[in-house]
Amino acid sequence: MITGIGLDIVEMSRIHRLDTKSPRFRARVLTDYEQTEYNQLTETRKTEFLAGRFAAKEAYSKAKGTGIGRECSFQDIEIRKDTKGKPAIYFQGIETGLVSITHSKEFAAAQVLLQTI
Ligand SMILES: CC(C)(COP(=O)(O)OP(=O)(O)OC[C@H]1O[C@@H](n2cnc3c(N)ncnc32)[C@H](O)[C@@H]1OP(=O)(O)O)[C@@H](O)C(=O)NCCC(=O)NCCS
């Protein structure tokens, strides 16, 4: 049964501005695992990666119904890819939902679906 859906879109220019201003923004949004991935990317991919994960985490918080906050922080949510590059979403270490991420030159967007078996 589907128990939640969430969608989010972010402007690439906003994420790039926040990311180049200070390392604090990415440290707040990305987990240690995700920061390791981020550090291996080219400059353009860094913005795409960070924007996509920001959108996915906001979309997850909407699917859950809590928004981002005490119940569900950016650090509670992690996106990990399988060997083919397909992302999966984890909440506090447990695989917890389906996620799809996209980016263009101007925007990144993500959709999350929660379901119970
Ligand atoms: C829910 C949240 C993710 C909304 O994100 P947003 O970027 O402000 O707004 P969006 O335009 O993406 O989404 C707004 C819509 O989310 C939906 N929404 C709001 N609260 C929600 C909730 N608890 N659950 C599900 N959906 C929710 C509403 O439908 C809202 O639109 P509406 O008011 O017209 O009905 C919010 O928790 C949030 O922004 N948290 C702060 C994130 C943060 O710390 N950012 C730091 C940037 S430096």
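- As annotated in an unreviewed UniProt entry, the protein carries the name Holo-[acyl-carrier-protein] synthase and comes from Planococcus halocryophilus.
- The heading Subcellular location (unreviewed entry) in the UniProt record of the protein holds the text "Cytoplasm".
- Comment text from UniProt for the protein, heading Catalytic activity (unreviewed entry), reads "apo-[ACP] + CoA = holo-[ACP] + adenosine 3',5'-bisphosphate + H(+)".

## Thoughts on the pairing of strand S2 (residues 77-81)
Both faces of the sheet carry side chains from a regular strand, because those side chains alternate between them.
No. 1: Bridge count between S2 and strand S3 (residues 87-91): 5 bridges; the pairing is antiparallel. Paired with Glu78 across the strands is Tyr90, a residue of S3.
No. 2: Here S2 folds back onto S3 in antiparallel fashion, the turn holding 5 residues, of which Gly85 has a positive phi close to 105°.

## A word on the pattern of salt bridges
No. 1: Summed over all chains, the structure comprises 6 salt bridges.
No. 2: A salt bridge links Glu43 to Lys46; the nearest nitrogen and oxygen atoms lie 3.4 Å apart. In this pair, Glu43 and Lys46 are both assigned in helix H4 (residues 43-64), 3 residues apart and thus about one turn of the helix distant.
No. 3: On the basis of relative accessible area, Glu43 is assigned to the exposed category, the value being 60%.

## Considering the packing of aromatic side chains
No. 1: With the rule as written, the count across this model stands at 3 aromatic pairs.
No. 2: Between Phe25 and Phe54 the ring centres are 5.8 Å apart and the planes differ by 40°, which places this aromatic pair in the tilted class. Note that Phe25 is positioned in helix H2 (residues 24-29) and Phe54 in helix H4, a separation of 29 residues in sequence.
No. 3: Through pairs of rings, three or more aromatic residues link up here, namely Phe25, Phe54 and Phe74.
No. 4: Above the plane of the ring of Phe49 lies Arg53, whose end atom (NZ or CZ) is 3.9 Å from the centre.
No. 5: Lying across the ring of Phe91, Lys64 places its NZ or CZ 4.2 Å from the centre.

## What about the site of the ligand?
No. 1: Around the ligand, the structure places Asp8, Arg14, Phe25, Arg28, Glu58, Ser61, Lys62, Gly65, Thr66, Gly67, Ile68 and Phe74.
No. 2: At 3.2 Å, a side-chain N or O of Glu58 approaches an oxygen atom of the ligand.
No. 3: Between the ligand and Lys62, the relevant distance is 2.7 Å, taken from an oxygen atom to a side-chain nitrogen or oxygen of the residue.
No. 4: Protein coverage of the free-state accessible area of the ligand, which is 940 Å², stands at 43%.
No. 5: At the level of secondary structure, the elements contributing two or more residues to the shell around the ligand comprise H2 and H4.
No. 6: Within the shell around the ligand, the residues separate by chemical class into 3 nonpolar, 4 polar and 5 charged.

## Observations regarding the UniProt feature "binding site: Mg(2+)" (unreviewed entry) in the protein
No. 1: Under the present numbering, the feature "binding site: Mg(2+)" (unreviewed entry) in UniProt falls on Asp8 and Glu58. For the residues just named, distributed over 51 residues, the greatest C-alpha separation is only 6.3 Å, placing them together at one site.
No. 2: With residues up to four places along the chain from it excluded, the contact list for Asp8 reads Ala55, Glu58, Ala59, Lys62, Ala108, Ala109 and Ala110.
No. 3: Of the polar contacts made by the side chain of Asp8, one reaches the side chain of Lys62; its length is 3.2 Å.
No. 4: For Glu58, the location among the structural elements is in helix H4.
No. 5: Filtering out sequence-adjacent residues up to four positions away, Glu58 remains in contact with Asp8, Ile68 and Phe74.

Criteria and cut-off values
- Residues numbered from 1 in each chain as written.
- Predicted model: local features only at pLDDT ≥ 70, side-chain atom pairs only at ≥ 80, totals over all residues.
- Heavy atoms only, no water.
- UniProt positions renumbered as here; feature names shortened; annotations may be inferred.
- Pairing = 2+ DSSP bridges.
- Helix = DSSP H or I, 4+ residues; strand = E, 2+ residues; numbered from the N terminus.
- Salt bridge = Lys/Arg side-chain N within 4 Å of Asp/Glu carboxyl O.
- Buried < 20%, exposed > 50% of the residue type's maximum accessible area, 1.4 Å probe, protein only.
- Phe/Tyr/Trp six-rings, centres within 6.5 Å; stacked < 30°, edge-to-face > 60°.
- Lys NZ or Arg CZ within 6 Å of the ring centre and 35° of its normal.
- Near = heavy atom within 4 Å.
- Polar contact = N/O pair within 3.5 Å; in protein donor to acceptor, adjacent residues only side chain to side chain.
- Areas by Shrake-Rupley, 256 points an atom, 1.4 Å probe, with all protein chains shown as cover.
- Nonpolar A, V, L, I, M, F, W, Y, C, P; charged D, E, K, R; others polar.
- Contact = heavy atoms within 4.5 Å.

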